[in-house]
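Tertiary structure, described
Spelled out from the first residue to the last, the chains are:
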Amino acid sequence: MSAQEISNSEMSNWKKPVHEKSNGSKELLRGIISSNQKLQVLFGHLDPNQIDDVIMAMFPRDIKQGERVIKQGESGDNFWIVESGKFDIFVNRNKAAISENDAVGDKVASCESGACFGELALMYNAPRAATVTATQSGRVWGLDATSFKMMVVTTENSKKKKYEAFLERVPLLKELNQYERAALSDVIDVAKFKPGEMIMKQGDAGHFFYILESGDARAMISDNGKPEVEAKHYTSSGDYFGELALLSTSPRKASVYAGDQGCALLSISKEKFDRVLGPIKHRLNVENYPDYAEIIHAEKAKPDSIVEPTSPVSE
Ligand code: 1OR
């Protein structure tokens, strides 16, 4: 079950919650908000008065060692900032296993004082992407889901959401969770092409993956030097091409040109993709992607082709 979109009546009845707190607690929260990078991204567009409102809306919760604060798959209730204690984050990619038993999956990160978690389900109306459990007792500050959506989520992050929705439609990226798609959407570049302009050339090594944002593009294939024939016409926003560049450096199988209207494309370079996620080959379940299986197997067979992803950083 996923968190509900905020309803109109909820929106019109909503009042900023006020949870009285000591000046010390206000200062502590202000300090964390101004120094944590992720909180800067989330709260950066708020002016000082709006930050004060967010701080006043937050409520404390003391957490015992071993207590689970968030369970993967559930809907989002609150966003959390850590004052003290230690919290481990676990991701289970086998979604069926989560409902069958309580398998928490692999530990992917750990966070302590000054960190935050639980924003994803609230931003994207998605199920919780991970389980979060206290390994040392401590105190967290919560912001309820409605307040988070009313005070923090804005049209500014809706562009990012649109990018993530595009990424979600790419079969090759299906294995990624919300966190990874969010990270990937941060490295998306936008480029405009004039009508007829070449975007990629058949036979060249591929370094970019493209998503059509607007306009149109045509994939053309030339067989043994014969004139090019149209293989595909991309016309819908969210259509994508060149995704194999993320997996391998094998030559482009077609040339792609901007269509009659020209086009705006979102692009991700292989280099940025690898930097953000580590080579995706590790994560791909080849059986799910018969079209790509050959290429993935060939890449895996290459010596030194597999670089271990960098270990998760704690925030
Ligand atoms: P949420 O609302 O989905 C769980 O609830 C929270 O764990 C999530 O928001 C994030 O704030 C936090 N993948 C998913 N969730 C993560 C991750 C993560 N790290 C922190 N959270 N990954 C770790 C990347 C270092 C990806 C691992 C596959």
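These numbers come from a predicted model, not from an experiment.

**Structural notes on the overall build of the chain**
Counting its regular elements, the chain contains eleven helices and 14 strands. With 315 residues in all, the chain has 48% of them scored as buried. A separation of at least 24 residues holds for 78% of the contacts in the chain among residues at least 6 apart in sequence. Within the structure as shown, the chain displays about 16,200 Å² of accessible surface, and the carbon and sulfur contribution to it stands at 50%.

**Looking at the state of the cysteines**
According to the stated counting rule, one finds zero disulfides in the structure shown. Cys 111 takes part in no disulfide bond, and the closest cysteine sulfur to it belongs to Cys 116, at a distance of 8.0 Å.

**Some thoughts on unusual backbone geometry**
Positioned with a positive phi, Asn 125 is a non-glycine residue whose angle comes to about 50 degrees. With respect to the helices, strands and loops of the structure, Asn 125 is situated in the loop between α6 (120-124) and β7 (131-136). The class of Asn 125 is buried, set by a relative accessible area of 14%. Within the chain, Asn 224 stands out as a residue other than glycine whose phi angle is a positive 50 degrees. Residue position: Asn 224 is located in the loop between β11 (208-221) and β12 (229-234).

**Here's the deal with the pattern of salt bridges**
One pass over the full model with this rule turns up 13 salt bridges. Of the charged contacts, one joins Asp 52 and Arg 30 as a salt bridge, the two residues approaching to 2.4 Å between their closest N and O atoms. One end of the pair, Asp 52, is in helix α4 (residues 48-57); the other, Arg 30, is in helix α2 (residues 23-35), with 22 residues separating them in the sequence. When the shortest N-O distance is used, the salt bridge between Arg 128 and Asp 77 registers 2.9 Å. Taken together, the residues Arg 128 in the loop between α6 and β7 and Asp 77 in the loop between β2 (68-70) and β3 (78-82) connect sequence positions 51 residues apart. Arg 128 sits in the buried class, given a relative accessible area of 5%. Of the residues examined, Asp 77 reaches a relative accessible area of 40% and is grouped as partly exposed. Through salt bridges with shared partners, a single network forms among Glu 27, Arg 30 and Asp 52.

**As for the packing of aromatic side chains**
Within this structure, the stated rule accounts for eight aromatic pairs. With a centroid separation of 5.8 Å and an interplanar angle of 75 degrees, the aromatic rings of Phe 59 and Trp 80 are classed as edge-to-face. With Phe 59 in strand β1 (residues 59-63) and Trp 80 in strand β3, this residue pair connects regions lying 21 residues apart in the sequence. In textbook terms, an aromatic cluster arises when at least three aromatic residues are bridged by ring pairs, as seen for Phe 208, Tyr 210, Tyr 234 and Phe 241.

The rules behind each value
- All residue numbers here refer to positions counted from 1 along the written sequence of the relevant chain.
- In keeping with the model being predicted, local features are shown solely for residues with a pLDDT of at least 70 and side-chain atom pairs are shown and tallied solely at 80 or more, while totals for entire chains, interfaces and linings include all residues.
- As a rule here, side-chain values come from all non-hydrogen atoms in the structure, and water together with hydrogens is ignored.
- The helix count covers DSSP runs of H or I at least four residues long, the strand count covers runs of E at least two residues long, and both are numbered beginning at the N terminus.
- Note on classification: 1.4 Å probe, protein chains only; a residue is buried when its accessible area is under 20% of the maximum for its type, exposed when over 50%, partly exposed between these limits.
- Contacts are assigned to residue pairs with any non-hydrogen atoms lying within 4.5 Å of each other.
- Note on areas: these come from Shrake-Rupley sampling with a 1.4 Å probe, and a residue is covered only by the protein chains present in the view.
- The rule for a disulfide is simple: a pair of cysteine sulfur atoms within 2.5 Å.
- A pair is scored as a salt bridge if a Lys or Arg side-chain nitrogen falls within 4 Å of a carboxyl oxygen belonging to Asp or Glu.
- Each pair of aromatic rings taken from Phe, Tyr and Trp, with Trp reduced to its six-membered ring, is defined by centres within 6.5 Å and is described as stacked if the planes are under 30 degrees apart, edge-to-face if over 60, and tilted in the remaining cases.

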